[in-house]
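Given next are the chains, with one letter for each unit.
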Amino acid sequence: MNFEGLDPGLAEYAPAMHSALDPVLDAHLNPSLLQNVELDPEGVALEALPVQESVHIMEGVYSELHSVVAEVGVPVSVSHFDLHEEMLWVGSHGGHATSFFGPALERYSSFQVNGSDDIRQIQSLENGILFLTKNNLKYMARGGLIIFDYLLDESEDMHSLLLTDSSTLLVGGLQNHILEIDLNTVQETQKYAVETPGVTIMRQTNRFFFCGHTSGKVSLRDLRTFKVEHEFDAFSGSLSDFDVHGNLLAACGFSSRLTGLACDRFLKVYDLRMMRAITPLQVHVDPAFLRFIPTYTSRLAIISQSGQCQFCEPTGLANPADIFHVNPVGPLLMTFDVSASKQALAFGDSEGCVHLWTDSPEPSFNPYSRETEFALPCLVDSLPPLDWSQDLLPLSLIPVPLTTDTLLSDWPAANSAPAPRRAPPVDAEILRTMKKVGFIGYAPNPRTRLRNQIPYRLKESDSEFDSFSQVTESPIGREEEPHLHMVSKKYRKVTIKYSKLGLEDFDFKHYNKTLFAGLEPHIPNAYCNCMIQVLYFLEPVRCLIQNHLCQKEFCLACELGFLFHMLDLSRGDPCQGSNFLRAFRTIPEASALGLILADSDEASGKGNLARLIQRWNRFILTQLHQDMQELEVPQAYRGAGGSFCSSGDSVIGQLFSCEMENCSLCRCGSETVRASSTLLFTLSYPEDKTGKNCDFAQVLKRSICLEQNTQAWCDNCEKYQPTIQTRNIRHLPDILVINCEVNSLKEADFWRVQAEVAFKMAIKKRGGEISKNKEFALADWKELGSPEGMLMCPSIEELKNVWLPFSIRMKMTKNKGLDVCNWTDGDEMQGVTHQQWYLFNDFLIEPIDKHEAVQFDMNWKVPAILYYIKRNLNSKYNLNIKNPIEASVLLAEASLARKQRKTHTTFIPLMLNEMPQVGDLVGLDAEFVTLNEEEAELRSDGTKSTIKPSQMSVARITCVRGQGPNEGIPFIDDYISTQEQVVDYLTQYSGIKPGDLDAKISSKHLTTLKSTYLKLRFLIDIGVKFVGHGLQKDFRVINLMVPKDQVLDTVYLFHMPRKRMISLRFLAWYFLDLKIQGETHDSIEDARTALQLYRKYLELSKNGTEPESFHKVLKGLYEKGRKMDWKVPEPEGQTSPKSAAVFSSVLAL
């Protein structure tokens, strides 16, 4: 019901439970009506509320039978007569529900429905009671147990519900829709839109749904479609209540007045046969509630909130003599309901009292009520007989009398001894790495146990974890899994330990003692590091990718070529694929395929890593094929060169592509042949589970020449028909790529069974001579990196878990069929002097045994992708690497910024006669912004441990001429446009402000990272020497590998061993008398200062010929720094005399 038109003061409930009840009568009524009403002016005591048995109730006339308190001082919000049992339900504004049994109103149950919201409607069902609150629908048993709790949307504000049948419920409120809920499934089945929001009352007949709105309207809706059929505009203010009986609809409400809303004493009555209003009914009370009470006639009961009740006929005149008064304890009546038998009326007031009025001394609430179940007292029966012959009989069931005698279980101390549980032995890894300080030992946690838990093993038995589901899909977090102790350390996830110096003191050489370059794993989506290494060690791919260059900003082929170039120059130092992965994240197809992992998923190891790697492998080959198919000569990068392949194909297509014929045979005899090509194949495993021997070659042939039955469209039959799909290949690719598709326990069991069968067969052949087939086929294969078979006989351990062959032989037969077989030969490859297998695990690189490469223990080592390359493949391709970057990249280029003006130019591009030569000096400085903050934790000793470093992105790169007449004048000052969200611009340290990197509003010379990267790559390739301060970090974030002899870093030039690094600002003040980096950093200023410091270094060290004298200078520098606390003094009004004279020519800019 709607209370918008009431006086706000009425909502302030009296704190007293039984306030004085003054005989107040409406001003329009005759005072003589009170002659038969007896009221106690002193107040009604709470104990006196129940009516005594001696009260006489006249038959046919409603009189008060009982009054009880539901909840002291809490207003009653709703009352409802149970439709199945003799019970009255009451809900309060505090969300509490109480039930009373019978006309005596004996308390049956009481429980909390909602902790904060009021109960707005109650509906009884056969098995329980439905309670509606603001945004919650709760179904509870009559004793208080919850059957279901359906939480609606938080934005909902529900007021009414209607039970349309035994299992369907309509719920409406102040929003513009009504929900239909299925009570069997407890789900929302339909949402009906309501043109006029605010449905607070709902009724139903056999013709319509009736919806009462807060706007004063009553809409009649179709029972099936819920569409509006008719609408009555009853009141101009708001609707208070309405009821329907037969062909009549009566409503009461509020009308708009100049002073606000006023209660309308005219009841609106509508004839549902003619769908029009009939004569309004004037009543003598302020109507707030009304109900039809049809007994002999269609009587209406009209109730006011002050407690006056009037009965009248809807089509007649109201008689003041039909008014009686309810004596509420509180000032207001809050709720009203009529029983199904029409023999009882229930009123609830604002002080928590419930009043029952009946027309007979022994009324019944329902015509046919079922018997109510009551809680029975606890009855203790006689103990059941116990059967001593049962071994599992718990002895605690035997009643034992209290006795002081010795029990049988009380063994004497001589016959018993305490045996405490023995502690498990300390992990051998802990003992090995433990360092002792006094009598206390410290050791790093090997993470082989759960945190704060020590499992006890009662029986010493080795547990075999042979379930495929127990193998973690991601190597991330393997150290957290105690059952993966069988995984060798070199296969586990490697992490970088960060210190306060970052990566400078991390020993990568401990993990990689080879000259191969590893890849760092801390970058987002670095799960593909292993596949990047595979592509790098394919010699034709490595060489031909580096020859590619195009004008696309985010080209994976270009970025992969740049990364391969870094791996070539590395000489054992780890690299990172940040630029490649940045371009990878911008490709929509990668995101659509689910290849872009969120940081939370990557950190927790969620997702099937095997499937992810296989999808990435398919994606990268397709993307590289498309990128290198573009034969358009780049215009942005002149001299990039043409394509290395014929028109319509690419290098990737020539290496990996395999042309196929797909034949579709319908059962009508119609055959359709279509040509296609693929870059890889997926293994298809046989369905039988007999465990018979299947050579890998047989499975591979079956997967390549696939035959399957499927539904397909037949042009002859003109409908979908069962067809036989077969696939045959026309020629063999140079590199065969196979997705193993071991994604479930079924495929893992197949590999395990085949490895066991192969092991048994190898044991039987031990001592036999292996025949060697010397016949050469059209295509002879060697697995990538595979050495030739050794003449020595492998040990038994080396034969375990091996099903995969090192080599396979494939050839096309004369009838265009495919012949595949495993091939073992001992011939040495021509020109190969040494062969060795290596394991690449991010930055961990170790040599491994030949047999370990094909051993797959399916408990933890699962195959994902296989690469086989054709023997003597390299002789087919031109493997010369031609640098596609030319000097034209340094010439002037347009800015991406729309608002840039020539007056804002901060650099002068190089002229053709200024092109740098080998050994020329170039001052370099870069500024960065933060994309992701670092993740760190505080240890128990208070020190900080970096878990994941902050992710930086280059924002500005400046290169300054190092010699010549224009020395000190920048020729590159590029602001790098970024599409990724910047977390912190680091303006105090970088000078970059929000908007500087936005092409729409920036006034800087804005360009792409690829454009600036090419300029720096050209300078590195030409052999210039970079001078700067802290260049190691700059090149790392830019993702460049620069030979050490081309880097002159002033951080290390003015540094003593085992001493702190000195800032550029302090060095400039001490040696050059310059004061730089006042408010923010400027990369032009920093690059010039680094050049001057290098000149000063040459001056002080006599070009490096007098190290002892320079050592004294450094000692004086460190002594001065300690005295000054490494802070530059800031005297007011003093400027450096050198700052204005060194680069006076720069002012011309």
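Residues numbered from 1 in each chain as written. Predicted model: local features only at pLDDT ≥ 70, side-chain atom pairs only at ≥ 80, totals over all residues. Heavy atoms only, no water.

Break down the overall build of the protein for me, citing the residues and quoting the values.
From N to C terminus, the protein includes 19 helices and 52 strands. In the protein, buried positions account for 47% of the 1149 residues. Of the contacts made within the protein by residues no fewer than 6 positions apart, 60% connect residues no fewer than 24 positions apart. (Helix = DSSP H or I, 4+ residues; strand = E, 2+ residues; numbered from the N terminus. Buried < 20%, exposed > 50% of the residue type's maximum accessible area, 1.4 Å probe, protein only. Contact = heavy atoms within 4.5 Å.)

Provide a residue-level description of the pattern of salt bridges, including the pertinent values.
Tallied over the entire structure, the rule returns 35 salt bridges. For the salt bridge of Arg1095 with Glu967, the shortest nitrogen-to-oxygen distance reads 3.3 Å. Residue Arg1095 is found in helix α18 (residues 1083–1100), and its partner Glu967 is found in the loop between β48 (951–961) and β49 (970–976); the two are separated by 128 residues along the sequence. Here Asp1021 makes a salt bridge to Arg1017, at a shortest N to O gap of 3.2 Å. Pair noted here: Asp1021 and Arg1017 are both in helix α14 (residues 1009–1022), with a separation of 4 residues, about one helical turn. On the basis of relative accessible area, Asp1021 is assigned to the partly exposed category, the value being 32%. By relative accessible area, which is 6% here, Arg1017 ends up buried. (Salt bridge = Lys/Arg side-chain N within 4 Å of Asp/Glu carboxyl O.)

A description of the nonpolar core should follow, citing residues and the corresponding values.
Formed by 88 residues in total, the largest nonpolar core has its most connected members in Tyr527, Leu535, Trp616, Phe656, Tyr867 and Phe1026. In this structure, Phe750, Val820, Val854 and Trp860 belong to the second largest nonpolar core, which totals 41 residues. (Core = buried A, V, L, I, M, F, W, Y, C linked by side-chain atoms within 4.5 Å.)

Lay out helix α2 (residues 529–536) with the relevant residues and their values.
For α2, the tally of buried residues reaches 6 of 8 residues, placing the bulk of the element in the interior. If you check which residues of α2 are buried, you get Asn529, Met531, Ile532, Gln533, Leu535 and Tyr536. Contacts from the buried residues of α2 go to α3 (539–546), α4 (556–570), α5 (578–585), α8 (609–629), β42 (837–841) and β44 (865–870).

I'd like a rundown of the confidence of the model for the protein, residues and numbers included.
Across the protein, the average pLDDT comes to 80, with 82% of residues at 70 or higher. In this model, residues 458–480 is a region of pLDDT below 50 whose contacts with residues beyond four sequence positions or in other chains number 42 contacts. Overall, residues 768–791 carries pLDDT values under 50, and its contacts beyond four positions in sequence, including any with other chains, amount to 76 contacts. (pLDDT = per-residue confidence, 0-100.)

Outline the packing of α3 against α4, listing residues and values.
Axis separation between α3 and α4 bottoms out at 8 Å; the angle between their running directions is 110°. Compared by their axis directions, α3 and α4 come out roughly perpendicular. Here α3 runs over α4; the crossing is left-handed. Side by side, α3 and α4 meet where Val541, Arg542, Ile545 and Gln546 of the first sit next to Ala557, Leu560, Gly561, Phe564, His565 and Asp568 of the second. Here the residues of the contact of α3 with α4 are counted per class, giving 5 nonpolar, 3 polar and 2 charged. (Axes fitted to C-alpha atoms, helices over the stretch in contact; angles between N-to-C directions. Parallel < 35°, antiparallel > 145°, perpendicular 65-115°, else oblique. Left-handed = near helix turned anticlockwise from the far one by under 90°. Nonpolar A, V, L, I, M, F, W, Y, C, P; charged D, E, K, R; others polar.)

Residue-level account of the UniProt feature "binding site: a divalent metal cation" (unreviewed entry) in the protein, with values.
Taking the numbering used here, the UniProt-annotated feature "binding site: a divalent metal cation" (unreviewed entry) corresponds to Asp925, Glu927, Asp1034 and Asp1086. Sequence-wise these annotated residues cover 162 residues; spatially they are packed, their C-alpha atoms never more than 12.9 Å apart. For Asp925, the position within the fold is in strand β45 (residues 921–932). Not counting residues within four places of it along the chain, the set of residues in contact with Asp925 comprises Arg956, Ile957, Thr958, Asp1034, Ser1083, Asp1086 and Ala1087. Here Asp1086 shows up in helix α18. In contact with Asp1086, not counting residues within four places along its chain, are Asp925, Glu927, Leu1064, Ile1076, Gln1077 and His1081. (UniProt positions renumbered as here; feature names shortened; annotations may be inferred.)

Before we move on, can you summarise the environment of Phe148 with the specific residues and values?
By the element assignment, Phe148 lies in strand β9 (residues 146–151). When the C-alpha atoms of Phe148 and Leu130 are compared, they prove to be 9.6 Å apart, with 18 residues separating the residues in sequence. Ignoring sequence-local partners within four residues, the contact set of Phe148 consists of Leu130, Leu137, Lys138, Tyr139, Leu183 and Val186.

I'd like a rundown of the pairing of strand β46 (residues 935–938), residues and numbers included.
Strand direction decides the pairing type here: β46 and strand β47 (residues 944–948), joined by 4 bridges, are antiparallel. Each residue of the ladder has a partner; that of Ala936, found in β47, is Thr946. What sits between β46 and β47 in their antiparallel hairpin is a turn of 5 residues, with Gly942 showing a positive phi close to 95°. (Pairing = 2+ DSSP bridges.)

Talk me through the side chain of Thr335; I want residue IDs and the actual numbers.
Of note, Thr335 is situated in strand β28 (residues 333–338). You can call Thr335 buried: its relative accessible area is 6%. Ignoring any residue separated from it by four or fewer positions in sequence, one finds Thr335 in contact with Val76, Ser77, Val78, Ser79, Phe289, Ala346, Phe347 and Gly348.

Hey, could you go over the packing of α4 against α5 for me, with residue numbers and the actual values?
Where α4 contacts α5, the axes come no closer than 8 Å and their chain directions differ by 165°. By the angle class used here, α4 and α5 are roughly antiparallel. The handedness of the crossing between α4 and α5 is left-handed. Residues Leu556, Glu559, Leu560 and Leu563 of α4 form the contact with α5, whose participating residues are Asn579, Phe580, Ala583 and Phe584.

With reference to specific residues and values, describe the packing of aromatic side chains.
Using the criterion set out here, one finds 48 aromatic pairs in the structure. Measuring from ring centre to ring centre gives 5.1 Å for Tyr536 and Phe537, while their planes differ by 80°; the resulting arrangement is edge-to-face. Through a chain of ring-to-ring contacts, the aromatic side chains of Phe1054, Phe1066, Trp1069, Tyr1070, Phe1071, Tyr1094, Tyr1097, Phe1110, Tyr1118 and Trp1126 assemble into a single cluster. Stacked on the ring of Phe242, the Lys or Arg Arg203 has its end atom at 5.6 Å from the ring centre. Directly above the aromatic system of Phe235 lies the positively charged group of Lys268, at a separation of 4.8 Å from the ring centroid. (Phe/Tyr/Trp six-rings, centres within 6.5 Å; stacked < 30°, edge-to-face > 60°. Lys NZ or Arg CZ within 6 Å of the ring centre and 35° of its normal.)

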